[in-house]
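What follows is each chain in one-letter form.
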Amino acid sequence: MARWVIRFGPIGRARRCLDRHSGGMTHQPMPDPRHSDRALLVNVFSNGPGGGNPAPVVVDARGLDGDAMRRIAARSGHESAFVLPGRDSSDYHFRFFVPNHEMEMCGHATLGAVWLLDQLGRLASKDISIMTLSGPVEARVDGGQARISQPKGWCNTVEDDGAVLDVLGLQPSDLFDYPLQNAATSRVKTLVPLRSVEILDGLRPDFSRVARVCDQIGSTGLYPFALVDDKAAIFSARQFPRSSGYPEDAATGIAATALAWSAWELGLTSQHRVVVRQGEAMGRPSRITIEREGDRCWLSGDVELIGEMPL
């Protein structure tokens, strides 16, 4: 059996190294919460060895401006979360950066940061409010399991889908009988329904044109998906972001919530619980769970601490 260990190179970028002595992801000892000179690396939504989406989290970012935050994200190569004191009656204010820019919201980084704050004993309550650029988010921690809220989503049909199909290398016959949708609970993703997981896994996008196509249709990323099990509401998906600094994402909570709301609104499933598998084509299997509660939903998944990075 093998386990995956996170180590850091000279500029702080995380890399996975194979340790052949035991199975499972390495669980690092929880650091002293007073450490404010480093980012702690959490892995979110893992569903097997090498899986999940890492996120550096700075648990006290009061000494950092936006440029410094973006540089940290660029060094790590991952979406990064920065925890700040609350504002507008919220308990916390979170900022998120990818290597190229600031983001309004990042699902897996929010989930990982909430879990980490709980593990460090920094949460005054198991129910907290977080202000983000996309609006307020609620979070709950129960038995070490974190989950975060997203508001009721919306979806609109993409009328001219030719450019989307072309950049993904698809033919109309590859599509499932379901419209291409721009959908969102916070950030707009373009949902591309495919007939099979085999077609999904075989996609070879023209990454040089993804940003231009996303701009044409008002999207922050292309999210092709396939229905795996209609009775259990299990989907498989991939995400090709518009301009994040990397071509594909292993687990995208905000895209998964958009997919879930579209599936509920258009009758693709009646189950209140939706599971999205992502990252499998990359060799980074991930599992994202979305549960509907009235006019909102809750996003959850596994989280673990796997390393740290000097600021």
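Above this text is the structure in question.
The notes below deal with the structure included here. Here the structure is a predicted model, which is why all the values come from computation and not from measurement.

Calculation criteria
- Residues numbered from 1 in each chain as written.
- Predicted model: local features only at pLDDT ≥ 70, side-chain atom pairs only at ≥ 80, totals over all residues.
- Heavy atoms only, no water.
- 1 Å grid on protein atoms, 1.4 Å probe; cavity = no way out; pocket = protein on both sides within 12 Å on 5 of 7 lines; lining within 4 Å.
- Points joined across faces, edges and corners; volume = space filled by probe spheres on them.
- Helix = DSSP H or I, 4+ residues; strand = E, 2+ residues; numbered from the N terminus.
- Nonpolar A, V, L, I, M, F, W, Y, C, P; charged D, E, K, R; others polar.
- Buried < 20%, exposed > 50% of the residue type's maximum accessible area, 1.4 Å probe, protein only.
- Pairing = 2+ DSSP bridges.
- Right-handed = clockwise from strand over helix to strand, strands pointing away.
- Polar contact = N/O pair within 3.5 Å; in protein donor to acceptor, adjacent residues only side chain to side chain.
- Contact = heavy atoms within 4.5 Å.
- Salt bridge = Lys/Arg side-chain N within 4 Å of Asp/Glu carboxyl O.
- Phe/Tyr/Trp six-rings, centres within 6.5 Å; stacked < 30°, edge-to-face > 60°.
- Core = buried A, V, L, I, M, F, W, Y, C linked by side-chain atoms within 4.5 Å.
- Arc of directions from axis to C-beta.
- Expected span 1.5 Å × (residues − 1).

### Considerations on empty space enclosed by the protein
All told, the structure shown has 1 cavity of 30 Å³ or more when counted by the stated rule. Within this model, the largest cavity holds a volume of roughly 110 Å³. Contributing elements (two or more residues each) for the lining of the largest cavity: α2 (107-119) and α6 (253-265). Residue classes in the lining of the largest cavity are distributed as 7 nonpolar, 6 polar and 4 charged.

### Focus: the pairing of strand β5 (residues 80-85)
Within β5, 5 of the 6 residues are buried, which leaves it mostly tucked inside the rest of the structure. Relative to β5, strand β4 (residues 53-58) runs parallel, the two being bridged by 2 bridges. The residue bridging Val57 from the neighbouring strand is Ala81, located in β5. The β-α-β motif built from β4, the intervening helix α1 (residues 66-76) and the parallel element β5 has right-handed crossover chirality. In this sheet, strand β6 (residues 92-97) lies alongside β5 in antiparallel orientation, the contact comprising 6 bridges.

### Focus: the side chain of Glu248
Checked against the element boundaries, Glu248 lands in the loop between β16 (240-241) and α6. A polar atom in the side chain of Glu248 sits 2.8 Å from the side chain of Arg238. Those residues in contact with Glu248, other than ones at most four positions away along the chain, are Arg238, Gln239, Phe240, Pro241 and Met282.

### Quick look at the pattern of salt bridges
Oppositely charged side chains may form a pair once their charged atoms are brought near each other. In total, this model carries 14 salt bridges according to the counting rule given. Of the charged contacts in the structure, one is a salt bridge between Arg238 and Glu248, with a shortest N-O distance of 2.8 Å. With a gap of 10 residues between them, Arg238 in the loop between β15 (234-237) and β16 and Glu248 in the loop between β16 and α6 connect regions that are remote in the sequence. Assigned by exposure class, Arg238 and Glu248 land together as buried. Here Glu293 ties to Arg296 by a salt bridge, and the two come within 2.9 Å at their closest N and O atoms. What emerges from the salt-bridge pattern is a single network uniting Asp37, Arg38 and Glu308.

### Details of the environment of Phe240
Its place among the elements puts Phe240 in strand β16. Other than its neighbours up to four places away in sequence, Phe240 contacts Leu168, Leu203, Pro205, Phe207, Val210, Gly221, Leu222, Pro224, Pro247 and Glu248.

### Observations concerning the packing of aromatic side chains
Counting across every chain of the model gives 7 aromatic pairs. The interplanar angle of 70° and the centroid separation of 5.9 Å between the aromatic rings of Phe225 and Phe235 together place this pair among those described as edge-to-face. Of this pair, Phe225 sits in strand β14 (residues 221-229) while Phe235 is found in strand β15, placing the two residues 10 residues apart along the sequence. As far as burial versus exposure is concerned, Phe225 and Phe235 are alike and both buried.

### Focus on the nonpolar core
Counting residues in hydrophobic clusters, the biggest one holds 61 residues, and the most contacted among them are Val42, Phe94, Val114, Leu116, Val276 and Ile290. Leave out the neighbours within four places in its chain, and Val42 touches Asn53, Pro54, Ala55, Val57, Gly112, Trp115, Leu116, Val303, Glu304, Leu305 and Ile306. Of all hydrophobic cores here, the second largest spans 19 residues; its members include Val167, Leu168, Leu180 and Leu203.

### Looking at the side chain of Ser219
Here Ser219 shows up in the loop between α5 (210-217) and β14. You can call Ser219 buried: its relative accessible area is 6%. Polar side-chain contacts of Ser219 include one of 2.9 Å to the side chain of Thr190. Within the structure, Ser219 has its side chain in polar contact with the backbone oxygen of Gly221 (distance 2.9 Å). If sequence neighbours within four positions are ignored, Ser219 has contacts with Asn182, Val188, Lys189, Thr190, Cys214 and Arg242.

### Section: α1
For α1, the set of buried residues is Gly66, Ala68, Met69, Ile72, Ala73 and Ser76. All buried residues of α1 project into a common sector of 165° when viewed along the axis, lining one side. Following α1 by one or two positions, Gly77 adopts a phi angle in the positive range, close to 80°.

### Things to note about the environment of Ala183
Its location among the elements puts Ala183 in strand β12 (residues 181-184). The spatial distance from the C-alpha of Ala183 to the C-alpha of Ser262 is 6.7 Å, given a sequence separation of 79 residues. With residues up to four places along the chain from it excluded, the contact list for Ala183 reads Trp154, Cys155, Val188, Lys189, Leu191, Ala258 and Ser262.

### Brief notes about α6
Spanning 13 residues, α6 covers 18 Å between terminal C-alpha atoms, matching the ideal 18 Å at 1.5 Å per step. By the criterion of burial, α6 is predominantly enclosed, with 12 of the 13 residues buried. Where α6 terminates, the next one or two residues include Gly267, which has phi positive at roughly 75°.

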